Each structure stands twice: as C-alpha cells, then as structure tokens.
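The chain contents come next:
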Protein chains: 2
Amino acid sequence: MPLFDPTPHVPHGHPAKAFVGEVVPFDVVAFREGHDRIGVHLRLVDPAGDETLHRLTPLADGTDRWRASIAIELKGDWRYRFESFADDFATWAHDAAVKAVAGVDIAVMSALGARLLTTAAKEKDRSAAEKRMLKAAAARLAHPAPDVLHAVAADEDVAAAFAARPHTSLGSQTAWQTLRVERTLAGVGAWYEFFPRSEGAVRRKDGSVKSGTFRTAMKRLPGVAGMGFDVIYLVPIHPIGTTNRKGRNNTLTTEPGDPGSPYAIGSADGGHDGIHPELGTEKDFRAFVRAAGKEGLEVALDLALQASPDHPWVAAHPEWFTTLPDGTIAYAENPPKKYQDIYPLNFDNDPVGIYAEMRRVVMHWVAQGVKIFRVDNPHTKPLAFWEWLIAEVRDEDPDVIFLAEAFTRPAVMRALAAIGFQQSYSYFTWRNTKAELEEFLTSVSHETSDYMRPNLFVNTHDILTEYLQFGGRAAYRIRACIAATAAPIWGVYAGYELIENVARPGSEENIDNEKYEYKFRDWAGSEERGESLAPLLRRLNAIRDAHPALRQLRNLSVHWSDDDAVLVYSKHLDGAFTATGESDTLIIVANVDPHSVRETTVHLDTRIWGVEPGDDYEVEDLLSGAIWTWNDHNYVRLDAFAEPVHILRVKERS
Amino acid sequence: MPLFDPTPHVPHGHPAKAFVGEVVPFDVVAFREGHDRIGVHLRLVDPAGDETLHRLTPLADGTDRWRASIAIELKGDWRYRFESFADDFATWAHDAAVKAVAGVDIAVMSALGARLLTTAAKEKDRSAAEKRMLKAAAARLAHPAPDVLHAVAADEDVAAAFAARPHTSLGSQTAWQTLRVERTLAGVGAWYEFFPRSEGAVRRKDGSVKSGTFRTAMKRLPGVAGMGFDVIYLVPIHPIGTTNRKGRNNTLTTEPGDPGSPYAIGSADGGHDGIHPELGTEKDFRAFVRAAGKEGLEVALDLALQASPDHPWVAAHPEWFTTLPDGTIAYAENPPKKYQDIYPLNFDNDPVGIYAEMRRVVMHWVAQGVKIFRVDNPHTKPLAFWEWLIAEVRDEDPDVIFLAEAFTRPAVMRALAAIGFQQSYSYFTWRNTKAELEEFLTSVSHETSDYMRPNLFVNTHDILTEYLQFGGRAAYRIRACIAATAAPIWGVYAGYELIENVARPGSEENIDNEKYEYKFRDWAGSEERGESLAPLLRRLNAIRDAHPALRQLRNLSVHWSDDDAVLVYSKHLDGAFTATGESDTLIIVANVDPHSVRETTVHLDTRIWGVEPGDDYEVEDLLSGAIWTWNDHNYVRLDAFAEPVHILRVKERS
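Our subject in this report is the structure included herewith.

Reading guide: rules and limits
- Residues numbered from 1 in each chain as written.
- Chains lettered and ligands numbered in written order.
- Predicted model: local features only at pLDDT ≥ 70, side-chain atom pairs only at ≥ 80, totals over all residues.
- Heavy atoms only, no water.
- Helix = DSSP H or I, 4+ residues; strand = E, 2+ residues; numbered from the N terminus.
- Buried < 20%, exposed > 50% of the residue type's maximum accessible area, 1.4 Å probe, protein only.
- Contact = heavy atoms within 4.5 Å.
- Areas by Shrake-Rupley, 256 points an atom, 1.4 Å probe, with all protein chains shown as cover.
- Lys, Arg positive; Asp, Glu negative; His and termini not counted.
- Charge placed at Lys NZ, Arg CZ, Asp CG, Glu CD.
- Salt bridge = Lys/Arg side-chain N within 4 Å of Asp/Glu carboxyl O.
- Arc of directions from axis to C-beta.
- Axes fitted to C-alpha atoms, helices over the stretch in contact; angles between N-to-C directions.
- Parallel < 35°, antiparallel > 145°, perpendicular 65-115°, else oblique.
- Left-handed = near helix turned anticlockwise from the far one by under 90°.
- Nonpolar A, V, L, I, M, F, W, Y, C, P; charged D, E, K, R; others polar.
- Expected span 1.5 Å × (residues − 1).
- Polar contact = N/O pair within 3.5 Å; in protein donor to acceptor, adjacent residues only side chain to side chain.
- Phe/Tyr/Trp six-rings, centres within 6.5 Å; stacked < 30°, edge-to-face > 60°.
- Lys NZ or Arg CZ within 6 Å of the ring centre and 35° of its normal.
- Buried area = accessible area lost by both parts, 1.4 Å probe.
- Pairing = 2+ DSSP bridges.

## Things to note about the overall build of chain A
Okay, step 1: Helix and strand content of chain A: 17 helices and 32 strands.
Okay, step 2: A principal-axis box enclosing the C-alpha atoms of chain A has dimensions of 105 × 60 × 45 Å.
Okay, step 3: Burial analysis of chain A (654 residues in total) assigns 57% to the buried set.
Okay, step 4: Look at the contacts in chain A between residues 6 or more apart in sequence, and 74% of them connect residues 24 or more apart.
Okay, step 5: When the accessible surface of chain A is totalled, it reaches about 25,600 Å², and 51% of it is carbon and sulfur.
Okay, step 6: Between the mean site of the 70 positive side-chain charges and the mean site of the 93 negative ones, chain A shows a separation of 3 Å.

## A short note on the pattern of salt bridges
Okay, step 1: Applying the stated criterion to the full structure yields 96 salt bridges over all chains.
Okay, step 2: Ionic pairing is found between Arg521 of chain A and Glu500 of chain A, a salt bridge with its closest N-O pair at 2.7 Å. Of the two residues, Arg521 of chain A is situated in the loop between β24 (489-493) and α16 (523-528) and Glu500 of chain A in the loop between β24 and α16; the sequence distance between them amounts to 21 residues.
Okay, step 3: In this structure, the salt-bridge partner of Arg607 of chain B is Asp605 of chain B, at a minimum N-O distance of 3.1 Å.
Okay, step 4: Arg607 of chain B sits in the exposed class, given a relative accessible area of 54%.
Okay, step 5: A network of salt bridges, in which partner residues are shared, links Arg43, Glu51, Arg81 and Glu83 of chain A.

## Here's the deal with helix α4 (residues 146-153) of chain A
Residue and element names in this part refer to chain A.
Okay, step 1: Where α4 is concerned, the buried positions are Leu149, Val152 and Ala153. Buried residues along α4 cover an arc of 100 degrees about the axis, so they all sit on one side.
Okay, step 2: Taken together, the buried residues of α4 touch α1 (88-102), α2 (106-121), α3 (128-140) and α5 (156-164).

## Thoughts on the packing of α1 of chain A against α2 of chain A
Residue and element names in this part refer to chain A.
Okay, step 1: At their nearest, the axes of α1 and α2 sit 10 Å apart, and the two run at 155 degrees to each other. Considering their axes alone, α1 and α2 lie roughly antiparallel with respect to each other. Crossing geometry of α1 relative to α2 is assigned as left-handed. Between α1, through Asp88, Phe89, Trp92, Asp95, Ala96, Lys99 and Ala100, and α2, the contact on the second element is made entirely by Ile106, Met109, Leu112, Gly113 and Leu116.
Okay, step 2: Here the residues of the contact of α1 with α2 are counted per class, giving 8 nonpolar, 1 polar and 3 charged.

## Focus on helix α11 (residues 383-396) of chain A
Okay, step 1: Its 14 residues give α11 of chain A an end-to-end C-alpha distance of 20 Å, which sits within 8% of 20 Å, the value for a rise of 1.5 Å per residue.
Okay, step 2: Buried residues of α11 of chain A: Leu383, Phe385, Trp386, Leu389, Ile390 and Val393 of chain A, and no others. One side of α11 of chain A holds all its buried residues, which, seen down the axis, span an arc of 150 degrees.
Okay, step 3: Buried residues along α11 of chain A sit in contact with β15 (298-303), α10 (351-367), β20 (372-376), β21 (401-405) and α12 (410-418) of chain A together with β1 (3-7) of chain B.

## Digging into the side chain of Thr606 of chain A
Residues and elements named next belong to chain A.
Okay, step 1: In this structure, Thr606 sits in the loop between β28 (597-603) and β29 (617-621).
Okay, step 2: Using a relative accessible area of 1% as the deciding quantity, one classes Thr606 as buried.
Okay, step 3: Here the side chain of Thr606 touches Val611 through a polar contact of 2.6 Å, landing on its backbone oxygen.
Okay, step 4: Beyond its immediate chain neighbours, meaning those up to four positions away, Thr606 contacts Val611, Glu612, Pro613, Tyr617, Asn631 and Asp632.

## A look at the side chain of Arg453 of chain A
Residue and element names in this part refer to chain A.
Okay, step 1: Within the element layout of this structure, Arg453 appears in the loop between α13 (434-447) and β23 (456-457).
Okay, step 2: Within the structure, Arg453 has its side chain in polar contact with the side chain of Glu182 (distance 3.0 Å).
Okay, step 3: A polar atom in the side chain of Arg453 sits 3.0 Å from the backbone oxygen of Gln422.
Okay, step 4: Setting aside its immediate chain neighbours within four residues, Arg453 contacts Lys17, Ala18, Phe19, Glu182, Ala186, Gly187, Gln422, Gln423, Ser424, Ile489 and Leu553.

## Regarding the packing of aromatic side chains
Okay, step 1: Under the criterion given, the structure shown has 61 aromatic pairs over all chains.
Okay, step 2: Summarising the aromatic geometry, the rings of Phe402 of chain B and Phe421 of chain B are spaced 6.4 Å apart at their centres and angled 85 degrees between planes, so their arrangement reads as edge-to-face. Here Phe402 of chain B is found in strand β21 (residues 401-405), whereas its partner Phe421 of chain B is found in the loop between α12 (410-418) and β22 (423-424), with 19 residues between them in sequence. For the residue pair Phe402 of chain B and Phe421 of chain B, the accessibility class agrees, reading buried in each case.
Okay, step 3: Where Phe407 of chain B meets Trp430 of chain B, the ring centres are 5.2 Å apart and the plane angle is 90 degrees; that geometry is what we call edge-to-face. Of this pair, Phe407 of chain B sits in the loop between β21 and α12 while Trp430 of chain B is found in the loop between β22 and α13 (434-447), placing the two residues 23 residues apart along the sequence.
Okay, step 4: Across from the ring centre of Tyr518 of chain A, 5.6 Å away, lies the NZ or CZ of Arg197 of chain A, which sits over that ring.

## Quick notes on the interface of chain B and chain A
Okay, step 1: Contact with chain B, which involves 42 residues of that partner, is made by 42 residues of chain A.
Okay, step 2: Roughly 3,500 Å² of surface becomes buried between chain B and chain A when both sides are summed, with 67% attributable to carbon and sulfur atoms.
Okay, step 3: Close ionic contact of Arg409 of chain B with Asp64 of chain A constitutes a salt bridge, the shortest N to O distance being 2.5 Å.
Okay, step 4: For the interface between chain B and chain A, the tally reads 8 residue pairs in polar contact (both at pLDDT 80 or more).
Okay, step 5: Listing elements by their share of the side of chain B that touches chain A, those giving two or more residues are β1, α1 (88-102), α2 (106-121), β17 (332-334) and α12 of chain B.
Okay, step 6: By residue class, the composition of the side of chain B that touches chain A is 20 nonpolar, 8 polar and 14 charged.

## A word on unusual backbone geometry
Okay, step 1: Omega for the bond connecting Thr7 of chain A with Pro8 of chain A falls within 30 degrees of zero, at 10 degrees, which places this linkage in the cis form.
Okay, step 2: In this structure, Pro8 of chain A sits in the loop between β1 (3-7) and β2 (16-19).
Okay, step 3: Of note, the bond from Pro335 of chain B into Pro336 of chain B is cis; its omega dihedral lies within 30 degrees of zero at 0 degrees.
Okay, step 4: Looking at the element boundaries, Pro336 of chain B is found in the loop between β17 and β18 (337-339).
Okay, step 5: Despite not being glycine, Asn377 of chain A shows a phi value in the positive range, around 45 degrees.

## A word on the environment of Phe641 of chain A
All names here are of chain A.
Okay, step 1: Relative to the elements of secondary structure, Phe641 occurs in the loop between β31 (633-639) and β32 (645-650).
Okay, step 2: For Phe641, a relative accessible area of 58% puts it in the exposed group.
Okay, step 3: Once residues within four sequence positions are removed from consideration, Phe641 is found in contact with Arg477, Pro594, His595 and Ser596.

## So, the pairing of β24 of chain A
All names here are of chain A.
Okay, step 1: β24 sits mainly inside the fold: 5 of its 5 residues count as buried.
Okay, step 2: Burial along β24 is two-sided: the face carrying Ile489, Gly491 and Tyr493 and the face carrying Trp490 and Val492 are both buried.
Okay, step 3: Sheet analysis places strand β11 (residues 189-194) next to β24, joined by 5 bridges and oriented parallel. From the neighbouring strand, Trp191 faces β24, where its bridge partner is Gly491.
Okay, step 4: The sheet contact formed by β23 and β24 spans 2 bridges and is parallel. Considered in β24, the bridge of Leu456 is made with Trp490.

## Some points on the packing of α2 of chain A against α4 of chain A
Relative placement of two packed helices is described by the angle separating their axes and the distance separating the axes.
Residue and element names in this part refer to chain A.
Okay, step 1: At a closest axis distance of 10 Å, the pairing of α2 and α4 adopts a crossing angle of 35 degrees. Pair α2 / α4 crosses with left-handed handedness. Of α4, the residues touching α2 (which contributes Ile106, Met109, Ser110 and Leu117) are Pro146, Leu149 and Val152.
Okay, step 2: A class-by-class count of the residues in the contact of α2 with α4 yields 6 nonpolar, 1 polar and no charged.

Read these as geometric descriptors, not functional statements.
In structure tokens:
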C-alpha cells in the first residue's frame with residue numbers, strides 16, 4: 001500500500017524543524033488500488049520516548065493527501081512515521097449503507113458485517129462494554145433486513161469502536177524521520193536592532209562625540225520592551241580596527257572622531273571575545289544583559305567572522321588568512337572592489353584551528369548570557385562549517401539560536417536553513433507589490449516552512465528600499481502591519497519609528513549610515529509630537545501577543561481581491577490549539593500602494609474559519625475598532641494616508 | 001561544496017527513465033561560499049561500463065543550477081553522478097582580467113597566475129605541446145604589466161587547456177544514480193487503436209453480422225501504416241464470456257448476434273492465453289503480427305486482468321476471486337453498481353499463484369511476437385504486483401513495453417509510472433483550453449518527464465470528450481495537431497479520421513460503442529469524398545518523422561500570446577543532436593477555440609533557438625507551405641474553419 005511524500009520533510013536528509021507551541025501539519029500521500037477504504041496513522045515518539053498514535057483525515061478529493069495537525073509542546077528530537085492500512089470496517093460500512101438503500105445483497109452484506117463485528121468483539125484490548133456492544137450489533141445482523149443493515153452500518157457507537165481500534169488488514173509504513181523541536185523564540189518573536197553606542201551618545205560643544213555605553217544604552221531598554229519587542233539585537237560590540245578605518249558614508253578616509261564600522265572587528269584592545277572600550281567592560285555588558293532580561297528582552301549578538309588588519313588573530317594566526325605572493329594578506333574584495341578595512345578568513349587553510357576558535361568565541365558569549373546570534377554573511381563561509389558549529393553549540397546548549405543574514409540566491413539561503421540555522425533573513429524587504437507578496441508569503445508559509453523560518457525585518461542598517469524611500473509614512477505603516485502579521489518572527493531596526501527614509505543618493509541604505517557614525521534620536525519628543533510610529537509598533541506587538549494564530553508560520557492563506565494593490569491573507573488557528581478553546585482567525589487586508597485610496601471587493605474562502613460561503617459573520621478591526629458584518633464577498637476602502645490596512649478579527653458566533 | 005537536487009530523479013528511489021535517442025538534461029544545483037568560481041562535472045557510466053566525463057554549464061543567473069544535455073544512444077542501465085570542484089583557473093582568470101583593466105594588483109595577480117600555469121604545465125596527462133604552451137604563458141607573466149596580465153587571462157589556448165583538464169582544488173560528489181534506457185519505441189511512437197473484428201465484418205442479408213478476422217483485418221494494415229503510424233493496438237482478442245454478456249450501448253440484455261465486450265474475457269474456448277474463435281487461430285494471429293511487421297507496424301495487445309464468469313480460471317482457481325458468505329463469487333462493483341459480466345481477481349488471496357499466472361500469460365504473448373501491452377485499469381490492481389511483473393518481464397526481454405491505462409488521481413498515475421510502466425495515458429483528452437494545455441504540457445514535459453512518458457491519445461473507444469462532441473471538424477484537426485507535436489507519443493482510435501463525434505446521450509463515449517458491436521467504416525470512400533482526416537494524420541506523422549525535435553519529450557517551451565484561445569509552444573533540438581548538424585525548431589500556434597477566428601500577437605523567447613530578440617528569421621508553415629519573416633513579436637490569424645493551427649519550422653539562416 002503506497003505511502004509517498006511524507007512531510008514535514010527537509011531536502012538532503014536534515015531533520016525538519018518545529019518550535020514549542022507550533023501546530024505542525026503531518027501530511028502523507030496514501031492510496032490503494034480499487035475502491036476499498038483505507039486509514040492512515042501518524043506514530044509520534046516524543047523526546048522522552050513516549051509514543052502516540054494519531055488518525056489522519058483526507059484532504060481535498062483527488063489529492064490522496066492525508067493530514068493530522070499536532071501541537072508540539074516538548075523540546076528535543078521527535079521521531080515520526082506514517083502507517084496506512086486497509087480499513088475493513090469502513091469499507092463494509094460504506095458498501096452496506098449504499099446497498100441497504102438500493103436493496104441489494106442484504107443477506108451477503110449482513111453476513112459479512114456479522115463476521116467483522118464478531119471478530120472485533122473478540123479483540124483483547126477492547127473493554128467489556130465495547131465487546132458487548134459489538135456482539136449485540138453482530139446479533140442484529142443475524143436476521144437480514146435493509147433497515148437493520150443500514151442502522152448497523154451507520155451506528156455511531158460501532159463506528160467509534162472501530163475508529164479507536166481499527167479492524168485492519170494489510171498495512172505499510174514510511175521510514176522514521178526526525179522533527180527537531182526548538183524553544184519558542186526560535187520560531188516566534190519581535191526583534192529590535194540597535195547600535196548601543198548611539199544610545200546616550202553626547203555631542204560635545206566642540207562637535208566631537210562622547211560614545212554611548214552599555215550603561216547609557218540600558219536606558220533605552222524599557223522603551224523597546226514597552227513597544228512589545230522580545231529580542232534586542234546589538235551590532236558587533238567588539239573593539240574596532242583603526243587601519244584603513246572607513247569614514248562617514250563609507251568613505252575611505254576618516255575624520256578625527258569617526259567611530260568606524262563595528263564590522264571591522266579587532267584591535268589591540270581585543271578581538272571577537274573582546275568589548276570595545278568605549279562601550280564599557282565585560283561587567284557592564286553582563287549588566288546590560290541582566291537589565292534586558294528584567295524587561296523581558298533577550299539579547300542577540302552579531303557574529304561577523306572577519307577581522308580588521310589590527311585583529312589579534314592576524315599576528316597570532318596569519319595562516320588563517322590568504323597570503324599573497326608578495327607576502328601581504330589579501331583584503332576582502334569583489335574584484336576590482338576592495339574592502340581594505342577587512343581581512344576575510346580562509347577556512348580552507350586551517351579548518352581545525354579556525355573551527356575550534358569560532359566555537360570558543362560563541363561559547364564565550366553563551367557564558368556571558370547570550371543565546372541568540374545574528375550571523376553576518378554566513379554564505380561567504382563554508383556551509384559545512386556552519387553545520388558543524390551549530391551542531392557543536394547545540395550539544396552544549398540546545399537553546400542557542402542562530403539567525404542567518406544571507407541575502408543571496410535562493411538555493412544558498414535554503415541550504416543554510418536546511419543545515420541548521422534556526423532563523424533566516426528573507427527577501428521580504430524587496431517584495432512590495434501585491435503579486436510579489438502573494439508569492440513570497442505562500443512560499444515561506446508552505447514551501448519552505450519545514451526547515452526555514454523567515455525573520456521579516458522591515459529595514460536594517462544596510463537596507464532602505466525604494467519602497468520606503470519614496471512611500472512616505474504610509475509605506476512604513478503598511479510594511480510594519482504586514483511583517484508583524486504575516487509571519488511569527490519580524491524585526492525593526494531602530495529609527496524605523498522615526499521614518500528615517502532619506503537614502504545616500506543612488507544607494508539602498510540610509511544617508512549617514514549609522515555603521516560609520518553616531519545617531520542622535522529624540523524618541524520621546526517624536527512620540528509626543530505624534531510623529532513616531534512607536535504607538536503602531538506597540539499595537540502590532542500587542543495584537544501578536546493576543547492572537548496565537550499570528551504566532552504560527554504554516555497557517556497563512558492568500559485570498560483574492562479585485563484590486564491589483566489590495567493584498568488579502570488570513571491566519572487561522574483551530575480552537576483545538578488555543579488556550580481558550582475558541583478558534584483564532586485574523587484577516588489582513590492591505591493597500592500596498594502607499595500613494596492612493598483603493599476601493600474594491602475582497603473574496604474570501606470562509607470555510608477556512610468554518611463559515612459556509614454566503615453566511616454572515618462579524619469582524620472587528622483591531623487597529624480602528626470598527627465592527628462590520630462580513631460574508632465571503634466584502635467591500636473595502638483603504639486610504640493609504642489614513643487607514644492603509646485592516647487587521648480584522650473574526651468574532652466567534654455565540 | 002554543496003550539490004543538491006540532481007536530476008533526472010524519480011521519487012522513492014526508482015531508476016529514472018530515458019529512451020535510445022533521447023536528449024537528457026542532467027541538472028544539479030551547485031555553489032560554494034564567496035565569489036570563487038566552481039566547475040561541475042557529470043560522470044556517466046554506460047551499460048558496458050565505459051565512463052565519460054561531461055562539463056556542465058550554468059543556467060540562468062541566481063538559480064545555481066548547472067546542466068549538461070547528453071544524447072543517450074545505448075540501451076540498458078546507466079549510472080551517473082555529479083562532481084563539483086573549485087575552479088582555480090577560472091577564479092584567477094576572472095579576477096586577473098578585471099584587475100588588469102582596473103590597474104590594481106598587477107604584480108600579485110601575475111605571480112599567482114604564473115604559479116598556477118607552472119603547476120598545470122607539470123601535470124602528467126597533458127601533451128608536450130600543451131605543456132610548452134602553458135610554460136610559455138607562465139613566462140610571459142614574469143614581467144608584470146596590465147596588458148600582459150589581461151592577455152594571458154583571456155588567452156583562448158590557455159582557457160581550452162584548463163577546460164579540458166581543470167586545475168581544481170577541493171571537490172565533492174553526489175551519490176550514484178541509475179538511468180534506465182529503453183528502446184526508442186518506449187518513448188516515441190504514433191499509435192493506432194482498432195477492433196480487429198470490425199475490419200472485414202460483413203452484414204448479411206438477414207441483418208446478422210459475420211465477424212472480421214485476423215485475416216480480413218490484415219487488409220487494413222497498409223492503410224494504417226500509410227498514415228505513418230508505428231504501433232497497431234488491438235483491444236482484447238481472447239474468447240468472450242456469454243454469462244451476463246452486455247448488449248449494445250452497455251445494456252444488460254443481449255440480442256442474438258451481439259458480439260459482447262472483448263473486456264469480458266474468458267469462455268469455454270479459453271482465457272487470457274486464448275484467441276476468440278471468430279477472430280481465427282493462433283496461427284492467424286502470428287500471421288497478423290508478421291503482416292504488421294512487414295508494414296513497419298508493431299502489434300500492441302490489451303492486458304485486461306479480469307475474468308468473465310465463464311473464464312477457465314473460475315473453475316480451476318476459485319481462490320483467485322472473492323467468495324461471499326453465500327458461496328457466490330463477487331462481481332466487479334462500485335456499490336451499488338454491479339458489473340455482472342466480470343469477476344475481479346483478488347490479488348490478496350493467492351498472490352503467488354496469481355502473480356505466476358500473469359507472468360505466464362504475458363510471456364505467452366511475448367513468445368507470439370508481441371512486445372507491447374496496453375494495460376487496462378492497472379490502478380485497480382496492487383502497485384507491488386505491477387512492479388514485480390514489469391521487472392520479471394524485463395529480465396526476460398528488456399524490449400517489452402507496458403502502457404498504463406489509468407485514468408485516476410495524479411498520485412496514483414505517477415506512482416504507476418515511477419514503478420516501471422514505460423508509458424502512461426494522461427489527462428490530455430480533458431485539457432482543452434489554452435490555460436489547461438499550458439499547464440498540462442509544462443507538467444508532462446518538465447515536472448514528471450524523468451519517469452512518466454505520456455501517450456497523448458486524442459480519443460479512445462471509451463472517451464469522446466465534449467470538446468470533440470461539439471467542436472466539429474475543427475476540434476478534430478486542432479487536437480490531432482497538438483497531440484502529434486506536443487509529445488513524442490500520441491495515439492488515435494479508429495474512426496477519428498471519420499470524425500465520429502456522436503455521443504451516447506449524457507455520456508462521454510460514442511453512441512453505439514464498438515465495445516458492444518461491429519462497426520462498418522468506409523475508409524477509402526470517405527477519403528475520396530474529401531471528408532476523412534487521414535491526409536492530416538498522414539501529414540502530421542510525416543512531419544514527426546522529418547523533425548527530430550518532435551521526437552523528444554523534455555524540450556517543450558510555452559510562449560505567450562495576447563489571445564486567451566491561442567496556444568503557443570515550441571520544440572527545439574540543438575544541432576549537436578541532429579543527424580544534419582542543423583538545429584531543429586518548430587513553433588506551434590493553435591487556436592483552441594474550434595468555433596472562431598482569432599487574430600492576435602504571439603510573443604516568443606527566440607533565444608531558445610539562438611535568435612536575439614528583435615532579429616528576423618524565416619518560418620515555413622509545414623501544413624500550408626506559407627513562408628513568413630518573423631521576429632519575437634508576430635501577428636497571427638487562425639481561422640478554426642480553415643486553418644486552425646500553424647506548425648512552423650524555423651529555417652536556419654545561411
């Protein structure tokens with residue numbers, strides 16, 4: 001009996017992924033020849049070794065695909081396999097009911113049924129009551145009549161007895177596969193990126209700047225936590241090299257006081273395990289981590305595996321770099337461009353030594369209380385290295401999370417996710433039209449969701465897309481609403497609240513990029529003046545907290561609208577998986593054209609949330625508070641300048 | 001160095017398929033970290049054990065997909081794997097050329113190049129001339145200068161030396177996989193189905209009918225061969241049961257003289273190894289096979305594994321069927337419908353006995369000269385049985401071809417192909433609109449082509465679609481043109497030439513289905529009167545014979561047209577794979593609306609046949625003889641009633 005295409009599945013044999021609290025659809029294609037009924041089971045073994053059996057239900061006719069959705073609550077490696085079997089009772093009950101109505105084969109079908117029920121009544125693992133009930137049903141069939149036959153074939157108690165312990169013949173199973181379940185933050189979270197040196201930086205009267213420190217940056221934590229973020233991500237905090245230090249706006253010459261790029265790591269003050277003296281000491285850093293924890297924030301560090309020419313590695317381990325025939329060490333380059341403030345590591349030269357050092361660096365920070373790493377450009381280092389490093393660190397501490405900052409070709413990004421990165425940056429910033437977003441959201445929710453968890457950053461210190469540059473305040477609102485609701489992980493780089501949308505001309509990054517200088521931002525004043533988007537971010541994170549459907553990756557459905565700029569999608573979680581027992585459904589309708597007002601009709605597959613097409617239900621806009629009666633075809637008006645997005649909650653009918 | 005998604009690939013580990021003469025694209029996703037160049041090889045081992053190495057070229061930017069297309073000419077099981085490597089020369093040549101232009105790192109790049117060339121010049125497997133050339137190139141770099149560096153980096157002789165024997169470092173490879181190569185007729189052919197009893201049948205004065213025989217049916221063979229068909233497929237030729245025999249139009253009662261359905265197999269005259277006495281003897285059958293062979297036709301037999309109640313199996317092996325509690329044998333049924341002229345086999349009851357008998361039946365007909373079997377409803381028998389039977393028969397004779405007549409769900413049809421059926425009926429008859437055909441043709445050409453070979457029958461004795469019922473002569477012309485050009489295997493059931501398009505009311509099959517009676521057709525008269533489509537079929541098969549691009553499955557590309565009924569696709573074969581050395585390209589433009597005249601513009605990706613967008617080229621319509629000058633955007637007018645389809649040959653520019 002064929003069993004094909006079991007999912008979750010990851011290409012190339014790596015374990016599939018889930019997070020604690022994730023509702024995972026376990027699917028398989030199963031069929032057999034002819035018309036006889038089959039059943040399919042999922043056998044699940046949790047990390048403690050406890051085994052459970054779950055019955056699958058068939059999906060749409062003609063697909064031969066079956067599914068059981070399971071809420072996964074235990075961290076660790078699970079094993080699962082599918083088992084199919086000929087369901088003798090279901091086959092008999094179907095045929096008997098049909099034939100009873102048609103009045104044919106009553107005697108034969110009654111005899112077959114009695115035989116089946118009698119055998120089942122003898123099975124050891126049935127209760128005495130169940131055995132009596134099955135025997136009684138068999139006895140009724142001793143006097144064949146169409147109505148008796150139909151009644152037994154349709155008897156709910158009999159059906160329940162066979163559903164719990166199917167009477168099967170034949171059977172087959174898939175191979176065992178592994179599902180790696182990680183802590184919830186691996187799959188759910190709101191991220192906030194910032195440069196600690198800017199927070200509390202002071203411009204002196206002579207124009208020079210006194211750097212912010214961990215102690216001053218700490219004061220920003222309540223503000224970030226107050227907006228509902230879960231993770232505070234710091235760009236590299238290590239000593240910054242001085243050789244060929246870059247100046248403002250990525251220029252090759254520095255002015256006195258230019259702080260340099262934190263990605264040019266390493267100086268006489270230390271390397272990847274060191275802390276830039278201007279930020280403070282290791283003790284200050286630990287205090288920062290503790291303060292964040294008190295606010296409910298986890299600290300994420302940047303892991304950028306490259307060295308400034310002043311890095312201690314250069315003197316201690318010149319063999320870790322590429323030495324040219326003239327005896328110099330090769331700069332990072334993309335010929336003919338050169339990056340003269342950075343030496344790339346050459347992992348092929350001394351893999352054993354480099355691997356061990358990188359493991360040491362990561363575990364050093366884990367010891368300081370850091371369990372999340374945002375990995376800079378992982379695609380420029382060997383895939384095998386990451387696979388090794390992530391596995392090694394997992395052995396020490398399974399709660400460590402790595403986010404891959406790879407903006408490159410799809411095959412490479414997917415491979416990084418498959419070999420173990422817990423999260424991945426995605427193409428989200430460059431998917432802005434309705435058609436682009438429909439394809440993107442479907443892909444991340446369904447095609448790659450067994451192994452790739454996208455972190456939908458709306459901007460970064462290096463990415464200010466044309467959409468944000470030219471879309472004004474509306475663009476910032478639209479993108480935040482989509483990122484916060486379309487995937488369970490999203491992120492913001494500090495300054496998004498202030499709509500910092502001026503680019504360095506011709507580039508896709510901010511003018512006066514914070515990478516090369518300090519930023520002075522008036523968070524409170526901006527909010528007082530009603531300019532800040534902080535209230536919107538606060539509201540979006542509150543909506544995420546209140547709605548478990550938004551904290552799932554695989555439950556997104558795209559719906560139709562008649563307007564080419566009005567994007568519609570829903571997120572649905574069945575009541576079986578919510579704390580209240582009520583199902584949780586959100587419908588997001590976004591006008592993705594930040595320059596216009598759009599009126600159109602949206603067409604919804606309401607069966608997803610249990611409403612028959614044509615039936616009414618109430619929705620409440622969680623942003624405006626408006627309440628409407630909707631059905632499957634609904635008028636919407638979205639004014640980019642006033643109310644570009646609806647985030648609608650479907651109210652349960654009482 | 002990652003290597004992912006090698007193709008050809010078949011789900012669930014079965015061998016991939018090709019046929020002798022097929023041009024197979026071998027693809028793999030390959031990349032490495034950073035900017036360095038890589039190379040990818042295909043290592044092929046033919047059935048004789050001879051090994052060859054083929055360099056892959058990268059496909060579209062960003063896909064990381066590489067390809068080598070290979071014409072496979074030897075029957076048997078091939079093995080293949082992919083190997084990737086860091087291409088040190090390509091990396092150097094690229095960087096050196098760029099830096100020479102920019103005027104940076106001239107000395108260093110010259111030194112690196114000299115080192116590489118000197119090492120390569122010492123490699124044992126290079127000719128003395130090549131060694132001298134490489135040494136000389138290295139010597140030129142001894143005096144670094146931008147122009148010298150650029151010249152050596154761009155030197156064609158140097159590049160050729162490294163292309164033939166790449167200077168590589170690192171490397172990885174995929175696992176070995178198997179490609180099963182079968183004879184050409186497994187993948188290419190034009191099929192003609194007929195009922196031998198109708199050919200030469202004579203209606204007597206009293207209204208009764210004298211059946212046609214193999215001897216009379218033989219007379220039709222020159223006509224079929226003359227239309228260019230390769231395979232003549234006969235519905236079952238075995239003795240027909242009399243118990244519960246079906247009458248005309250599938251009625252439950254017979255009139256005297258009704259011949260019965262040839263699918264109700266078995267009577268006192270014999271079973272699946274017997275011949276219906278009215279058709280002749282085994283000797284007559286062998287004569288028919290010989291006569292077909294003389295005309296260049298191969299005979300295909302129907303393999304319908306089911307029994308009439310009168311089949312010898314029923315008495316000899318009642319255990320092969322399902323016995324009901326009342327002692328009777330179960331009829332075939334789809335409750336509450338019953339098929340009382342047929343007993344289905346129950347493969348679970350005595351698999352050893354049934355398997356052996358089926359193998360015996362097939363080998364019996366192989367011994368009579370039959371090497372092609374059209375298998376009736378294989379999806380109602382166990383998948384494992386077919387996998388076993390096809391493997392067993394292949395061991396005896398690798399030239400035997402099985403065509404799966406499974407019209408069921410996609411997963412089942414694909415599984416039958418994957419486990420070994422050489423050909424498959426498809427959804428083609430029900431894919432009639434432009435959108436349906438675009439999706440269908442893309443799917444069969446690219447998604448499933450590693451293991452599934454669709455046989456595009458335009459009709460069968462059981463399928464007369466609404467499109468044909470109501471589309472008139474134009475529908476018949478359109479469907480034949482598409483079937484004959486879109487895939488290398490197509491088929492016609494006798495009567496298609498005569499546009500027999502009257503259905504039994506409410507059904508999807510012909511009125512007076514030939515399954516239950518004799519047909520009297522006037523082939524010659526119809527053609528003389530200009531009514532027959534035989535001239536079109538003849539022309540289509542002649543075009544297929546003249547154009548090797550039409551005898552490939554995987555080379556179809558769908559193009560755009562502005563009209564929702566104008567379907568456009570091309571079939572292209574590179575000159576490297578044709579006998580003449582000239583590339584072979586056909587563009588098919590079909591108005592699939594049989595009731596209208598359509599004028600529109602077609603938009604072509606001409607780069608597929610080596611023409612830059614905007615450039616002119618000549619095309620010749622192989623149906624009308626018209627010659628036009630085309631470019632990438634072309635006006636077409638397709639009149640369903642006059643000229644519904646263009647089959648255009650792209651003329652090579654001299």
